[in-house]
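One letter stands for each residue in the lines below.
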Amino acid sequence: MSIQDTGSVPTVEPAPPHLHMADAAISAHALRRRFKATIAVDGIDLRVERGTIFGLLGPNGAGKTTIIRMLTGQIVPTSGTATVGGFDVVRDREQLKPLIGVVFEDQNLYDRLSGRQNLEFARWLYAIPKRRIDEVLDLVELRDRARDPVQAYSNGMRQRLMIARALLHEPRILFLDEPSRGLDPIAARQIRQTIQHLRDTGMTILLTTHLMDEADHLCQRVAFIVAGTIVANDTPRALKLAHSTPVVEVTMADEEDGLREVTLNLRDAGDQQRLATWIAADAVRSMHTREATLEEVFIATAGVRPA
Ligand code: ATP
């Protein structure tokens, strides 16, 4: 048995490995799923800390939905293990259910019923206290439209109602498959605010997206998935820094033409020297660094576009 060195002061006995696993809200080890000849997920390792938003990013068919379906006990892994809230996703499937909320894009709402009636129906099915309806409507900011029929809802409102329904039983961990698919920029921003708000209440959220900007704004950590494997797994900030050329764009005073824009590579000794000389001569009017976008990092790492 090997215990990972965490770098902490060795006065406390390290916790046994299974407690390390339980500590994370979600953890997966060598998780794999095959559908006949297709290997949808090819041995992924994952760890999602409690109270954080984790993004699974990748193009269509990369395996994101299959990962969620395994982690939520809907399908069984071909091999490998995963725990959610400390429960094994295969062995403890029943204990897992009360802990998790799941929103898939193909889930149905009853169009002729109002938002509130949709929630009432789910509440009745799962014996949930009545007060919870108003609580979840507030969480997704739909209380004032709750009496309208769902067929009059925009896509964004429908999505928020589905999130509300998934929250009825007060899960601690929420799985969202493409939460902003098909939404206009304003509705997508509203969904992101809802997700952030839920995280602020202490929930752990695992979402899939192929929108790199969305992931960058929302997620504490992201994994890039390509053809069933994870090709990068880090904070958006670290990924962007690791892949950025340290470029600085300098606006300088030029004796002949007024202002002049120059791009310098800070790893180049000649450019470093030039910049130092200009600063000393008080010729620099403005200067800013340019960071790679998460999309650029994805393309550089994965060799394909995210969508
Ligand atoms: P998208 O962004 O389009 O939803 P994804 O990243 O979620 O894609 P998955 O839906 O997990 O990808 O699919 C991964 C691979 O597994 C694809 O090649 C898909 O065709 C295949 N696959 C998924 N579910 C099944 C199934 N039930 N039977 C056969 N093949 C499947």
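Counting starts from 1 at the beginning of each chain's written sequence and moves along it residue by residue. Reporting in this predicted model follows two pLDDT cut-offs: at least 70 for local features of residues, and 80 or more for side-chain atom pairs to be given and counted; totals over whole chains, interfaces and linings ignore these cut-offs and use all residues. Side-chain measures here rest on the full set of heavy atoms in the structure, leaving out hydrogens and waters.

A.B. asks: So, the site of the ligand: which residues are in play, and what are the values?
C.D. replies: The near set for a molecule or strand comprises every residue that places at least one heavy atom within 4 Å of it. Taken together, Phe35, Thr38, Ala40, Pro59, Asn60, Gly61, Ala62, Gly63, Lys64, Thr65, Thr66 and Arg181 are the residues near the ligand. Within 3.5 Å is the distance limit for a polar contact, defined as a pair of N or O atoms, with the added protein rule that one can donate a hydrogen and the other accept it, and that residues adjacent in sequence qualify only through two side-chain atoms. One of the side-chain nitrogen or oxygen atoms of Lys64 is found 2.9 Å away from an oxygen atom of the ligand. Contact distances for the ligand include 2.5 Å between an oxygen atom and a side-chain N or O atom of Thr66. Considered on its own, the ligand offers 630 Å² of accessible surface; in the complex 62% of this is hidden by protein. The accessible surface values rely on the Shrake-Rupley method and a 1.4 Å probe; as for residues, cover is taken only from the protein chains in view.

A.B. asks: How would you sum up the sheet that holds strand 1 (residues 26-35)? Please name residues and give values.
C.D. replies: Note on pairing: two strands pair once DSSP finds at least 2 bridges between them. Only runs of H or I of at least four residues qualify as helices and only runs of E of at least two qualify as strands under DSSP, and these elements are numbered from the N terminus. An order of 2-1-4-5 is seen for the four strands of this open sheet, with the pairing classed as antiparallel. One side of each edge strand has no neighbouring strand; the edge strands of this open sheet are strand 2 (38-48) and strand 5 (87-88). In terms of strand pairing, strand 1 meets strand 2 through eight bridges, oriented antiparallel. Among the inter-strand pairings, Leu31 is bridged to a residue of strand 2, identified as Ile44.

A.B. asks: Lay out the environment of Ala300 with the relevant residues and their values.
C.D. replies: Among the secondary structure elements, Ala300 is positioned in helix 11 (residues 294-302). Relative accessible area serves as the criterion here: at 57%, Ala300 is assigned to the exposed category. Put simply, Ala300 and His243 are 57 residues apart on the chain and 8.0 Å apart in space, counted from C-alpha to C-alpha. Three labels apply to residues, based on accessible area from a 1.4 Å probe with only protein chains included: buried if under 20% of the type maximum, exposed if over 50%, partly exposed otherwise in between.

A.B. asks: Run through the domain arrangement of the protein, naming residues and quoting values.
C.D. replies: Per the domain assignment, the segments making up the protein are domain 1 (17-235) and domain 2 (245-290). Computed from C-alpha coordinates alone, the two centres of domain 1 and domain 2 are separated by 47 Å. Note that domain bounds follow an automatic or database assignment of domains.

A.B. asks: Give a detailed account of helix 10 (residues 269-280), specifying residues and quantitative values.
C.D. replies: For helix 10, built from twelve residues, the straight-helix expectation of 16 Å at 1.5 Å per residue is met to within 8% by its first-to-last C-alpha distance of 17 Å. Looking at helix 10, one finds that the buried residues are Asp271, Leu275 and Trp278. Summarising the axial view, the buried residues of helix 10 lie within an arc of 65°, below the 170-degree limit, and thus occupy one face. Exposed residues on helix 10 whose side chains face more than 90 degrees from its buried face are Ala269, Gln273 and Ala280. The span you would expect from a helix comes to 1.5 Å times its residue count less one. Along the arc lie the directions from the helix axis toward the C-beta atoms.

A.B. asks: Now, about helix 4 (residues 115-125): what can you tell me, with residues and values included?
C.D. replies: Within the sequence span of helix 4, burial applies to Gly115, Arg116, Asn118, Leu119, Ala122 and Arg123. Looking straight down helix 4, one finds that the buried residues subtend no more than 160° of arc, so they occupy a single side. We call two residues in contact when some of their heavy atoms are within 4.5 Å. For helix 4, the elements touching its buried residues are helix 5 (131-139) and helix 6 (155-167). Of the residues trailing helix 4, Ala127 is marked for its positive phi of about 50°.

A.B. asks: Summarise the pattern of salt bridges; cite the residues concerned and give the values.
C.D. replies: By salt bridge we mean one thing: a side-chain nitrogen of Lys or Arg within 4 Å of a carboxyl oxygen of Asp or Glu. In total, this model carries 21 salt bridges according to the counting rule given. The salt bridge partner of Lys97 is Glu94, with a shortest N-O separation of 3.3 Å. The partner of Glu120 in a salt bridge is Arg123, and the shortest N-O contact between them spans 3.0 Å. Here Arg123 and Glu120 lie together in helix 4, a separation of three residues that amounts to about one turn. Three or more residues are tied together by salt bridges with common partners; here these are Arg116, Asp134, Asp138 and Arg143.

A.B. asks: Tell me about the pairing of strand 7 (residues 173-177), and please be specific about residues and values.
C.D. replies: Buried residues dominate strand 7, accounting for five of its five residues. The alternating pattern of strand 7 places Ile173, Phe175 and Asp177 on one face and Leu174 and Leu176 on the opposite face, and all of these are buried. When strand 6 (residues 100-103) meets strand 7, the two strands line up parallel, connected through four bridges. Within strand 7, the position partnered with Gly101 by the bridge is Leu174. For strand 7 and strand 8 (residues 204-209), the ladder comprises five bridges, and the chain directions are parallel. Looking at strand 8, one finds that Ile173 is bridged to Thr204.

A.B. asks: Explain the nonpolar core residue by residue, including any values.
C.D. replies: Within the largest apolar cluster, 49 residues are counted, with the highest numbers of intra-cluster contacts made by Ile163, Leu174, Ile205 and Phe224. Counting residues per element, this core draws most heavily on helix 6, at seven residues. The contacts of Ile205, once residues within four sequence positions are left out, are Thr52, Ile53, Phe54, Leu174, Leu176, Ile195, Leu198 and Arg199. Core analysis: the second largest hydrophobic core is formed by 30 residues, Ala40, Ala62, Ile68 and Ile173 among them. Buried residues of nine kinds, namely Ala, Val, Leu, Ile, Met, Phe, Trp, Tyr and Cys, make up a nonpolar core once their side-chain atoms join them within 4.5 Å.

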